[in-house]
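# Per-entry structural report
Listed here are the chains, written in short residue letters.
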Amino acid sequence: MRQPSRVALNALAPDAPEALLQRVTCLELKAGTRVFGPGDPCRGLPFVMSGGIRVQITSVSGHEIVLYRIGEDQLCPLSVSCLFTEKGYPAEAVVEKDAEVLVVPAGTFDELFACSRHFRRFVMGSYGDRLFSLMILVEEIAFRRMDERIAEHLLEHSDDDVLHTTHQRLAIELGTAREVVSRVLKDYERRGLLRLERGRIDVLDRGGLRSHCSHHSDA
């Protein structure tokens, strides 16, 4: 743990009193580090300066789903909610890429929110944007067919028509069971749209996959 630079603090709250900003700390977290888990109290607001953190939730049936990711210059909206309500986390956060994270302690968060217009607008703007994206995620899960969602995911995330992933990882990303993903992928393979290898999917026919999307993607 170390003190953050003035440049980093300016990105967070340039109009805040120096005494408050001195309470903000900086953490360097390695990939795989568990940042928080279900039931953990929220001790501060994480603001990612570099790297990436994945936030996910596990259902009672054991299925996992990725709620969102926190990238460079983004904060954790779930932490905002927990700080406001003083409730524990309902989800888990894991570092995906080595990350450098500013942490605003809980008490300091309240004071910054009260006195810094920039900090207040940044927090609420980020919270609102993430709420909108979560509403889209709920709509996707509830109303779109899984074969459509898998086809769209492959089109959007395959670099040079290759996606390095597993069936289990895809299931977590899309909020479904691994068996469902495997069944759809094998069907697409039989149709000649893709080729499956261990830990890898090769897209062979982007046009064919695109025809399975309810709204076309040019990715």
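Residue numbers here run from 1 along each chain, matching the order of that chain's written sequence. Under the rules for a predicted model, residues below a pLDDT of 70 receive no local features and side-chain atom pairs below 80 are neither given nor counted, while totals for whole chains, interfaces and linings still include all residues. In computing side-chain properties, one takes all heavy atoms of the structure into account and sets aside hydrogens as well as water.

## Side note on the overall build of the protein
- Along its length, the protein carries nine helices and nine strands.
- If one aligns the C-alpha atoms of the protein with their principal axes, the spans along those axes are about 65 × 35 × 30 Å.
- Burial classification: accessible surface area is computed with a 1.4 Å probe over protein chains only, and a residue below 20% of its type maximum counts as buried, one above 50% as exposed, and the rest as partly exposed. In the protein, buried positions account for 45% of the 219 residues.
- Residue burial considers only the protein chains on display, and all accessible areas are found by Shrake-Rupley using a 1.4 Å probe. Split by element, the accessible area of the protein, about 11600 Å² in all, is 52% carbon and sulfur.
- Looking at the protein, you have 28 positive and 32 negative side-chain charges, and the mean spots of the two groups are 2 Å apart. Under the DSSP-based scheme used, a helix requires at least four consecutive residues in state H or I and a strand at least two consecutive residues in state E, with every element numbered from the N terminus. Charge assignment in this entry is limited to Lys and Arg as positive and Asp and Glu as negative, and neither His nor the chain termini are counted. Charged groups are reduced to one reference atom each: NZ for lysine, CZ for arginine, CG for aspartic acid, CD for glutamic acid.

## Here's the deal with unusual backbone geometry
- Not every positive phi belongs to a glycine, and Glu86 is a case in point at roughly 60°.
- Its location among the elements puts Glu86 in the loop between helix 3 (77-85) and strand 6 (92-105).
- The phi dihedral of Asp161 is positive, around 65°, even though this residue is not glycine.
- Note on placement: Asp161 falls in the loop between helix 6 (146-157) and strand 7 (162-163).

## Side note on the side chain of Ser182
- Among the structural elements, Ser182 can be located in helix 8 (residues 178-190).
- A relative accessible area of 7% places Ser182 in the buried class.
- Pairing of N or O atoms within 3.5 Å defines a polar contact, subject to two protein rules: one partner must be a possible hydrogen donor and the other a possible acceptor, and residues neighboring in sequence count only if both atoms are side-chain atoms. Side chain to side chain, Ser182 and His167 meet in a polar contact 2.7 Å long.

## Observations concerning the environment of Phe109
- By the element assignment, Phe109 lies in helix 4 (residues 106-115).
- Overall, Phe109 belongs to the buried group, its relative accessible area being 0%.
- We call two residues contacting when some pair of their heavy atoms lies within 4.5 Å. Once residues lying within four places of it in the same chain are set aside, the contact partners of Phe109 are Leu45, Val80, Leu83, Phe84, Val104, Phe119 and Val123.

## A closer look at the pairing of strand 6
- Note that strand 1 (residues 25-29) and strand 6 share five bridges and pair antiparallel. Directly across from Glu28, in strand 6, lies its bridge partner Glu100.
- When DSSP locates at least two bridges between a pair of strands, those strands are taken to pair. With two bridges connecting them, strand 2 (residues 34-36) and strand 6 associate as antiparallel partners. Bridging from a neighbouring strand, Arg34 pairs with Val94 of strand 6.

## Concerning the UniProt feature "domain: HTH crp-type" (unreviewed entry) in the protein
- UniProt positions are given in the numbering used here, feature names are shortened, and annotations may be inferred rather than shown by experiment. Sites flagged by UniProt as "domain: HTH crp-type" (unreviewed entry) map to residues 144-207.
- For residues 144-207, the helix share is 55%, the strand share is 16%, and the end-to-end C-alpha distance is 20 Å.

## Remarks on the sheet that holds strand 7
- The three strands are arranged 7-9-8 in an open sheet whose pairing can be described as antiparallel. What marks the edges here is a single partner per strand, and that holds for strand 7 and strand 8 (194-197).
- Where helix 8 meets the sheet, it contacts strand 8 and strand 9 (200-203), and its direction lies at approximately 125° from that of strand 8. Convention adopted: a line fitted to C-alpha atoms gives each axis, helices being fitted over their contacting stretch, and angles between N-to-C directions are expressed from 0 to 180 degrees.

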